[in-house]
Amino acid sequence: MMRFLPGLAVLLVLAAPGLADSVTAPAPTAVPALPTDKPPAIAPPRQVLTVEAPTAKPPPLERTAAEIPGPECVAAHRALIDDALAEARRRLPEAIRLVREEPNHPHIRRWFGDAPRKTIRLTLELTLARLEDMTGVDLRCNDPPGCPGGRFAYARERDMVLGLCAPYFRARMDGTDSRWGILIHEASHLAANTRDHAYRPNGALTLAKENSARAAENADNYEYFVETLPR
């Protein structure tokens, strides 16, 4: 153990005040004042609109007449057919009158050339009579066996079947290949034994120029003759 001499102890005591003066005391740290005000109240949560999820199933999409399978003609089919029948019955007498009263009219020559006017008039009259009385006609709608591809309609004279296909029910009521015009075409098969020598307006017009006798037998010539009748 180290011992201090008496004189050295006195010197240390005398030197202590100077040492104390040479050491700088740290500056006091400012203490932040504590808040005295109360914090603002927390805003209440906004009301959230709650929408209940639907539980009922949506109604099925309504099918058009073109989409309803056959062969039975249901109410949706019959409504369109009846409108077309009414229009065909209204237009055919005008065509008959033109052939009877103005046999040399350019419109007749356009669609039938020099074909006998009596043949044309008789075919139109028989077609009108058939459409005015559909008794005995087996009307079928959207019957798959009779409606391949894009066929509008068909007629079978041997068993008096008149079939209407999906494109028929999508057709309009104006212009060529109208719903009522198609009925004239098919009814002429059943009533007057017309044939399908040519199709579409261009085919029918060409037939009238090149073979008027066949034009007077062709169902499309009668359809387009009535559909394009001058008004």
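Structure's up top.
Scoring rules and cut-offs
Residues numbered from 1 in each chain as written. Predicted model: local features only at pLDDT ≥ 70, side-chain atom pairs only at ≥ 80, totals over all residues. Heavy atoms only, no water. Helix = DSSP H or I, 4+ residues; strand = E, 2+ residues; numbered from the N terminus. Expected span 1.5 Å × (residues − 1). Buried < 20%, exposed > 50% of the residue type's maximum accessible area, 1.4 Å probe, protein only. Arc of directions from axis to C-beta. Salt bridge = Lys/Arg side-chain N within 4 Å of Asp/Glu carboxyl O.

Visitor: I would appreciate a short explanation of unusual backbone geometry in the present structure.
Guide: Peptide bonds are trans in most cases, and residues, glycine excluded, mostly fall at negative phi. Backbone torsion omega between Gly 70 and Pro 71 reads 15°, so that peptide bond is classified as cis. One non-glycine residue with positive phi stands out, namely Asn 142, at about 50°. On the secondary structure map, Asn 142 appears in the loop between β1 (138-141) and β2 (153-156).

Visitor: Honestly, helix α6 (residues 179-192) in this entry has me stumped. Any pointers?
Guide: Two residues of an α-helix separated by three or four positions point the same way, owing to the 3.6 residues in each turn. When the terminal C-alpha atoms of α6 are compared, their 20 Å separation across 14 residues agrees well with the 20 Å that a helix rising 1.5 Å per residue should span. α6 sits mainly inside the fold: 12 of its 14 residues count as buried. Along α6, the positions that sit buried rather than exposed are Arg 179, Trp 180, Gly 181, Ile 182, Leu 183, Ile 184, His 185, Glu 186, Ala 187, Ser 188, His 189 and Leu 190. A positive phi of about 55° marks Asn 193, the residue just after α6.

Visitor: How do you make sense of helix α7 (residues 200-210) when you look at a structure like this?
Guide: Of all the residues in α7, the buried ones are Ala 204, Leu 205, Leu 207 and Ala 208. On an axial view of α7, the arc spanned by its buried residues comes to 160°, and they lie on one face. Residues of α7 that are exposed and point over 90 degrees away from its buried face: Asn 202, Lys 209 and Glu 210.

Visitor: Quick question: what am I supposed to make of the pattern of salt bridges here?
Guide: If charged atoms from side chains of opposite charge come close, those side chains can pair. Summed over all chains, the structure comprises 15 salt bridges. Between Arg 78 and Asp 82 there is a salt bridge, with its nearest N and O atoms 3.2 Å apart. You can see Arg 78 and its partner Asp 82 sitting in helix α2 (residues 75-101), four residues apart, about one turn around the helix. The class of Asp 82 is partly exposed, set by a relative accessible area of 39%.

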